[in-house]
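Examination of the molecular architecture
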Amino acid sequence: MTEAADLTALAPRGVTLLGCGKMGGAMLEGWLASGLPPASVTVLDPNPSDRLKALAGEGLKLNPERLGEADVCILAVKPQMMGEAAPKVAGLAAGGTLYVSIAAGTPISAFERLFGEGAAIVRAMPNTPAAVGRGITALIGNARVSEAQMEAAETLLAAVGETVRLEDESQMDAVTALSGSGPAYVFHLIEAMEAAGVAAGLPQDLAARLARVTVQGAGELARLSPEDPAQLRVNVTSPGGTTAAALSVLMAEGEGLTELATRAVAAAAARSRELAG
Ligand SMILES: NC(=O)c1ccc[n+]([C@@H]2O[C@H](COP(=O)([O-])OP(=O)(O)OC[C@H]3O[C@@H](n4cnc5c(N)ncnc54)[C@H](OP(=O)(O)O)[C@@H]3O)[C@@H](O)[C@H]2O)c1
């Protein structure tokens, strides 16, 4: 997490989590680490993990027959499952619960149809580095969301990384394509560098380690350095040296990494728009 998230204000009425897979599980761990008591969390998930069952022993409410009240309900099932799963938490709307959906593609209007026009709904897009407290989540709410509710949503997501408010929901497809899906691009870069190292004659294990630690270190340098990424790149590049030779390929006019990344992000954004139905 980037700054201390104080979740104590949410403890009395609590948080309900619909779907506790990769993202839901990562958020749950962040909330618990930030001091939200297990007894303040209700989880609905058809196949609870051993970890969830252990937390139920510490007071977490796991698949209760009837839902109590909640300040916030996080919707963390796959977009394709939302129509089936969301009705389970529709009753919370009458108690003024704030809904926070992290589902890719699914617009706020879909939740207004499910929960009623009066429901307060935030659409958010986190990413998987949330699992190590280093995610980033973009958020936008509908007109029913009060400032206090927006801050509550931000506090929950700040427990697993940085947050940023969007100006308009139309930005969410590009956000999903850039930071939501983005970790996969970086993991694939590690895979590609490893394969390239093997092709250049290195043993697999050595190439894997060099690729992984190089991406880790470069990411950390980009995070901590006052210099921008372009300058950090220049700092590696000796005139007429090895990096310049590689960058002449990666930055080739019209067919370099920028063009490839632009096509990839455009494909993801288009898929996000398709998921809206
Ligand atoms: N993964 C990412 O990088 C990422 C990033 C940003 C946003 N998101 C969004 O986050 C959401 C969850 O993604 P995920 O990657 O965490 O998926 P996931 O690991 O499959 O988690 C979804 C969870 O919901 C459970 N579930 C299925 N049907 C349910 C129902 N009817 N009621 C309650 N729970 C149900 C699933 O159980 P079973 O596994 O037993 O079916 C699973 O535990 C998606 O909408 C996705 O678009 C994901």
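Residues numbered from 1 in each chain as written. Predicted model: local features only at pLDDT ≥ 70, side-chain atom pairs only at ≥ 80, totals over all residues. Heavy atoms only, no water.

**Quick look at the overall build of the protein**
Secondary structure summary: the protein contains 11 helices and 8 strands in total. Along the three orthogonal principal directions, the C-alpha set of the protein runs to about 65 × 40 × 35 Å. Classification of the 277 residues of the protein by burial places 40% in the buried group. Long-range pairs, those at least 24 residues apart, make up 60% of the contacts in the protein between residues at least 6 apart in sequence. Both charge centroids of the protein, one from 20 positive and one from 30 negative side chains, sit 5 Å from each other. (Helix = DSSP H or I, 4+ residues; strand = E, 2+ residues; numbered from the N terminus. Buried < 20%, exposed > 50% of the residue type's maximum accessible area, 1.4 Å probe, protein only. Contact = heavy atoms within 4.5 Å. Lys, Arg positive; Asp, Glu negative; His and termini not counted. Charge placed at Lys NZ, Arg CZ, Asp CG, Glu CD.)

**Brief notes about the site of the ligand**
Inspection of the region around the ligand gives 23 residues, with Met23, Asp45, Asn47, Val77 and Lys88 positioned closest. Here an oxygen atom of the ligand and a side-chain polar atom of Asp45 are 2.6 Å apart. Calculation on the ligand without its partners gives an accessible area of 890 Å², and the protein chains cover 80% of this total. (Near = heavy atom within 4 Å. Polar contact = N/O pair within 3.5 Å; in protein donor to acceptor, adjacent residues only side chain to side chain. Areas by Shrake-Rupley, 256 points an atom, 1.4 Å probe, with all protein chains shown as cover.)

**Side note on the UniProt feature "binding site: NADP(+)" (unreviewed entry) in the protein**
Residues given the UniProt feature "binding site: NADP(+)" (unreviewed entry) here are Leu18, Gly19, Cys20, Gly21, Lys22, Met23, Ala76, Val77, Lys78 and Pro79. Over a stretch of 62 residues, the named residues converge on one spot in the fold, their C-alpha atoms separated by at most 14.1 Å. Relative to the helices and strands, Lys22 resides in helix H1 (residues 22-33). On the basis of relative accessible area, Lys22 is assigned to the exposed category, the value being 69%. Position of Met23 relative to the elements: it lies in helix H1. A relative accessible area of 17% places Met23 in the buried class. Discounting chain neighbours no more than four positions away, the residues touching Met23 are Ile102, Pro126, Asn127, Thr128 and Ala130. (UniProt positions renumbered as here; feature names shortened; annotations may be inferred.)

**A few points about a nonpolar patch on the surface**
Taken together, Leu250, Met251, Leu257 and Leu260 make up a surface patch of nonpolar side chains, about 380 Å² in accessible area. One can find Leu260 in helix H11 (residues 257-275). The class for Leu260 is partly exposed, based on a relative accessible area of 49%. (Patch = residues over 30% accessible without salt bridge, like charges linked within 9 Å, V, L, I, M, F, W, Y side chains within 5 Å. Salt bridge = Lys/Arg side-chain N within 4 Å of Asp/Glu carboxyl O.)

**A look at the side chain of Gln149**
As for its placement among the helices and strands, Gln149 is situated in helix H5 (residues 147-158). For Gln149, a relative accessible area of 18% translates into the label buried.

**Here we look at the UniProt feature "domain: Pyrroline-5-carboxylate reductase dimerisation" (unreviewed entry) in the protein**
The feature "domain: Pyrroline-5-carboxylate reductase dimerisation" (unreviewed entry), as given by UniProt, occupies residues 169-275 in the numbering adopted here. Here residues 169-275 is 79% helix and 0% strand, with 15 Å between the C-alpha atoms at its ends.

**Describing the sheet that holds strand S1 (residues 15-18)**
Read across the sheet, 8 strands follow the order S3-S2-S1-S4-S5-S6-S7-S8 without closing on themselves; strand pairing throughout is mixed. Since the sheet does not close on itself, it has two edges, and those belong to strand S3 (61-62) and strand S8 (161-165), each with one partner. As paired strands, strand S5 (residues 98-101) and strand S6 (residues 121-125) are joined by 3 bridges and run parallel to one another. Along S6, the bridge assignment pairs Tyr99 with Ile121. Each of S1, strand S4 (72-75), S5, S6, strand S7 (135-141) and S8 touches H5; the most contacted strand, S8, lies at about 150° to it. (Pairing = 2+ DSSP bridges. Axes fitted to C-alpha atoms, helices over the stretch in contact; angles between N-to-C directions.)

**Observations concerning the pattern of salt bridges**
The tally for this structure, following the rule as stated, stands at 9 salt bridges. Between Arg223 and Glu220 there is a salt bridge whose closest N-O contact spans 2.9 Å. One end of the pair, Arg223, and the other, Glu220, are both in helix H8 (residues 204-224), 3 residues apart, so they sit about a helical turn from each other. Owing to a relative accessible area of 48%, Arg223 belongs among the partly exposed residues under this scheme. Classification of Glu220 by relative accessible area gives partly exposed; the value is 29%. Salt-bridge contacts for Arg271 lead to Glu274; the nearest nitrogen and oxygen are separated by 2.8 Å.

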